[in-house]
Structures are given as C-alpha cells and as structure tokens.
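Here are the chains, one letter per residue:
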Amino acid sequence: MNAPTEEHHQPVWARKQTRRRGGGGLFGKLILFALLMAVFVFFVSPAVAFFGIRSAAEASDAAGLARLIDYPAVRQSLRPQLDGNPAASAPAPTFMEDPIGAVRRQFEQATAPAAPDVDAYLTPAALAALTRGEGRYASQRIEGGLPSPDNTNTGGPLPRPVYWSVNRARMSVADEGGSETIFTFERQGAFEWKLVHIGLPDGAAPARATPPPVPGVGKSGSGGG
C-alpha cells in the first residue's frame, strides 16, 4: 500500500481549505485576465470605430455610418470651419473642463451662418477620403469615386492618436504634405464610441468637382437614315 501523504494526516476541514486556496488562485487569475481584456478593449474601441467608419464609407453602408457618426454634432463642427473660423478646428471643450468656453462655443456655433456645402464632407465617398487624410479635398469625391482598388478595404494611412481620455479620444490622419485631419470620438456607452467632430486642415475649401455629363442625357437624338 502507498504511504499516507501529508494531506491524509490533515483534518478534513484543512484539506478543503487547501483546495479552495488552489481554486481561488486560478479564479483570481481569470478575473485579472478579464479585467485586462476589458481595459484593452476599452482603449482600442475608438480606433475600431475609426476603421469601422472607413470600411462602412468605402462600402457605402449608410446604416453602419449612422451607428458610428453623430451627424448633427459633426455638421455643427464643420460649419464654422467652412466659414473661415480657424478657432473651430479644435473640438469644443466639455462643460466639466471649461464651462465658460463650452457655452461660448455653443453660442458661436448656433449663431454662425450655415455653410452651403457642409454635407459635401458627409457623403460615404467624402468620409472615406477624409479617413485617408485628403482633408478639404474630400468634398470633391463623388459617390463611387474611390481613387484606386489599393485604397479600398480600409487601406490608407494609419491614424495617429493625439489625445486619449475616459470619455474622449482624438486621432489624426496626415496627407503627404503633413496636413492633418483630426477625428474626435466621444464615448456613448461602455464600449461604444461615436465620431462627433472633424477638424479640417487649414486653408480654403476647394470648389466641389462637377461630375462629368453622361453621354446622350439631355440631348436630342440625331436624325438617322
């Protein structure tokens, strides 16, 4: 017969306590791993939202874009920039950070005249171009006007994080000349982030390109024999 082990000489209650300690160690590791994963997912969620916008824009997925973009807030952020107000390129401060500045920015945006072409930056083609760093020239993109297959399927420059906090994150995408387009995301839920501000590079917005006419449309047919 096998010699009795040390555990066999222990009382029953001591054996159970030893086993509980072993199981508790594994359970604690699982809890720690789950917490670390939750923190990781929490901090990468804005980047996931950015690439989700790029992918949905390239696919012209209006429903997907609506889940990731707060359109009224983004429109409000673009209007003063298109009116030539350089101070509007920075996102408005939150009420907790600067209550006076937040109220003043809301008043300025509410009284500013509406920019005529603000929605030119919010079409799927323009949003896809913005995420690739095309800045103010993104308004020239027409539906289906992606530059090349190499720039589709979430291709293009990677965003650079410029600010990260519990409730707000900003990412920058630069073009070849170094002009940056800033995307500001706000947390809407535990892991849900939405785009609320687009900061365009400095400069004047170019005139929107006119789509080429379709041959035969609006013209009378030529007489044929």
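Residues numbered from 1 in each chain as written. Predicted model: local features only at pLDDT ≥ 70, side-chain atom pairs only at ≥ 80, totals over all residues. Heavy atoms only, no water.

Caption draft 1: Just the environment of Arg168, in detail. Topologically, Arg168 is positioned in strand S2 (residues 168-174). We classify Arg168 as buried; its relative accessible area is 9%. Linking Arg168 and Val196, residues 28 residues apart in sequence, is a C-alpha distance of 9.7 Å. Side chain to side chain, Arg168 and Glu186 meet in a polar contact 2.6 Å long. (Helix = DSSP H or I, 4+ residues; strand = E, 2+ residues; numbered from the N terminus. Buried < 20%, exposed > 50% of the residue type's maximum accessible area, 1.4 Å probe, protein only. Polar contact = N/O pair within 3.5 Å; in protein donor to acceptor, adjacent residues only side chain to side chain.)

Caption draft 2: Quick peek at the nonpolar core. One finds Ile69, Leu127, Phe185 and Ile198 to be the most contacted residues of the largest nonpolar core, which totals 28 residues. Listed by contribution, the elements that provide at least two residues to this core are helix H2 (12-58), helix H3 (62-68), helix H4 (71-82), helix H6 (124-131), S2, strand S3 (180-187) and strand S4 (193-199). By residue number, the principal contributor to this core is H2, which donates five residues. Residue contacts for Ile198: discarding those within four places in its chain leaves Val74, Ser77, Leu78, Gln81, Leu127, Leu130, Thr181, Ile182 and Phe183. (Core = buried A, V, L, I, M, F, W, Y, C linked by side-chain atoms within 4.5 Å. Contact = heavy atoms within 4.5 Å.)

Caption draft 3: Summary view of the sheet that holds strand S1 (residues 160-164). What the four strands build is an open sheet, ordered S1-S2-S3-S4; its pairing is antiparallel. Looking at strand neighbours, the two that pair on one side only are S1 and S4, the edges of this open sheet. Shown here is a sheet whose adjacent strand axes are inclined to one another by a mean of 25 degrees, direction ignored. Examined bridge by bridge, S2 and S3 share seven bridges and lie antiparallel to one another. (Pairing = 2+ DSSP bridges. Axes fitted to C-alpha atoms, helices over the stretch in contact; angles between N-to-C directions.)

The quantities given are spatial measurements derived from coordinates; they are silent on function.
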